[in-house]
Amino acid sequence: MQNTVLKANNISRYYTDEKTKESFHAIEDISFSVHQGEVVSFVGPNGAGKTTLLKSISNYLVPTSGTVEIMGINLLHHPKKARQNLGVVFGGDRGFYNNASARDNLEFFARLLDVKEKDIKHNVSEALETVNLLDVADKNASTYSKGMLQRLHIARGLVNKPQILMLDEPTVGLDIESVIAIRDLVKKLADSGCGIILTSHNMNDIETLADKIFLIGGGKIHYEGSLEGVKQFAKVDNNASLADAYLAISDELKRK
Ligand SMILES: Nc1ncnc2c1ncn2[C@@H]1O[C@H](COP(=O)(O)OP(=O)(O)OP(=O)(O)O)[C@@H](O)[C@H]1O
Ligand SMILES: [Mg+2]
């Protein structure tokens, strides 16, 4: 068995509804592990709890209960140390200083992540090269297309050379060439040994990349296993696509 890079144990996160003041669970009692070089993906409808889960296991949100270990280090007890091995990519149009170059942006974020000063320039150049932005590294982030920005977000997630990278919907809103570039990049990172946690509404992303699929709905895991296993679970033909399998069970996943 390959090394475990992340272990999430019984993670729950409650939110309080501003109007009713009632609390409800966004995710409940989720446990899983990610091994070196493995792509673990979470698939489920809008509001299923995917982003909440990623935030709860990356120190963006404190889980209501549960523990997370990154390379054996408890994230809640030792957040700074644990995050040295973690890259997080939430993506989107924001997140960078528009009037600074891509390179300067990444150097800034590397410093925030406590990357050693002597390693910053090298790590940033390497991250930019990995996402194929080295030749435009000195242009301002404001001049980047959506696809380039998304790759810059991934580079930001790589500046500390993490053992595990979390990607929340990395291909959303991108043209097909950019989607394929991101898929190739994720594959390359996994092949180099990085553990990956991926969410996507694009079933082709999941079919192409995932070693293990978790079906999530109403904050709970309904199924975990292989692509073939998902098809059996959904009772569709083995020749069916993941999209077919997903559609066959989407109502069940939406139920709370
Ligand atoms: N900050 C918040 N405060 C209160 N409720 C929230 C907050 N963030 C998310 N929620 C609620 O928690 C549930 C899970 O949301 P989450 O964003 O994690 O789902 P998701 O699976 O990422 O959905 P999507 O596919 O649309 O990105 C939803 O009911 C959502 O409305
Ligand atoms: Mg989300």
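Use the structure listed above.
Given the structure is predicted, the values throughout are model-derived calculations rather than measurements.

## Describing helix α4 (residues 117-130)
Between the first and last C-alpha of α4 there are 20 Å, a value that for 14 residues agrees with the 20 Å anticipated at 1.5 Å per step. Of the positions making up α4, those classed as buried are I120, N123, V124, A127 and L128. In this structure, the buried side of α4 is in contact with α3 (102-112) and α5 (146-158). Where α4 terminates, the next one or two residues include N132, which has phi positive at roughly 65°.

## Quick word on the packing of α5 against helix α6 (residues 176-191)
Where α5 meets α6, the axes come as close as 10 Å, and the angle between the chain directions of the two elements is 15°. With respect to α6, the axis of α5 lies roughly parallel. Considering the relative orientation of α5 and α6, their crossing is right-handed. Across from G147, Q150, R151, I154 and L158 in α5, the residues of α6 making contact are S178, I182, L185 and L189. Tallied by class, the residues present in the contact of α5 with α6 amount to five nonpolar, three polar and one charged.

## Looking at the layout of surface pockets
For the largest pocket, the calculated volume is near 310 Å³. Lining the largest pocket are 14 residues, with L158, K161, P162, L189 and S192 positioned closest to its centre. Ranked by the residues each element gives to the lining of the largest pocket, the list is headed by α4, at four residues. Each residue belonging to the lining of the largest pocket can be placed in one class, and the counts come to five nonpolar, six polar and three charged.

## Some details on the site of ligand 1
Taken together, 13 residues lie near ligand 1, and G47, K50, T51, T52 and H201 sit nearest. At 3.4 Å from a nitrogen atom of ligand 1 is found a side-chain nitrogen or oxygen belonging to Y15. Take H201: an N or O atom from its side chain is 2.7 Å from an oxygen atom of ligand 1. Protein coverage of the free-state accessible area of ligand 1, which is 640 Å², stands at 62%. Classifying every residue of the shell around ligand 1 gives five nonpolar, six polar and two charged.

## Details of α3
Considered for burial, the residues of α3 that qualify are A102, N105, L106, E107, F109 and A110. Packed against the buried residues of α3 are α4 and α5. Where α3 terminates, the next one or two residues include D114, which has phi positive at roughly 65°.

## A look at the sheet that holds strand β1 (residues 4-16)
Reading across from one edge, β2-β1-β4-β5 is the order of the four strands in this open sheet, with antiparallel pairing throughout. The strands lining the two open edges of the sheet, one partner per strand, are β2 (23-35) and β5 (73-74).

## Some remarks on the packing of aromatic side chains
Scanning the entire structure with this criterion turns up nine aromatic pairs. What links up through ring pairs into an aromatic cluster is the set F96, Y97, F108 and F109. Sitting over the face of the ring of F90, K55 holds its NZ or CZ atom 5.8 Å from the ring centroid. The positively charged end of R156 is found above the aromatic ring belonging to F109, 3.6 Å away from the centroid.

What counts and how
Residues numbered from 1 in each chain as written. Chains lettered and ligands numbered in written order. Predicted model: local features only at pLDDT ≥ 70, side-chain atom pairs only at ≥ 80, totals over all residues. Heavy atoms only, no water. Helix = DSSP H or I, 4+ residues; strand = E, 2+ residues; numbered from the N terminus. Expected span 1.5 Å × (residues − 1). Buried < 20%, exposed > 50% of the residue type's maximum accessible area, 1.4 Å probe, protein only. Contact = heavy atoms within 4.5 Å. Axes fitted to C-alpha atoms, helices over the stretch in contact; angles between N-to-C directions. Parallel < 35°, antiparallel > 145°, perpendicular 65-115°, else oblique. Left-handed = near helix turned anticlockwise from the far one by under 90°. Nonpolar A, V, L, I, M, F, W, Y, C, P; charged D, E, K, R; others polar. 1 Å grid on protein atoms, 1.4 Å probe; cavity = no way out; pocket = protein on both sides within 12 Å on 5 of 7 lines; lining within 4 Å. Points joined across faces, edges and corners; volume = space filled by probe spheres on them. Near = heavy atom within 4 Å. Polar contact = N/O pair within 3.5 Å; in protein donor to acceptor, adjacent residues only side chain to side chain. Areas by Shrake-Rupley, 256 points an atom, 1.4 Å probe, with all protein chains shown as cover. Pairing = 2+ DSSP bridges. Phe/Tyr/Trp six-rings, centres within 6.5 Å; stacked < 30°, edge-to-face > 60°. Lys NZ or Arg CZ within 6 Å of the ring centre and 35° of its normal.

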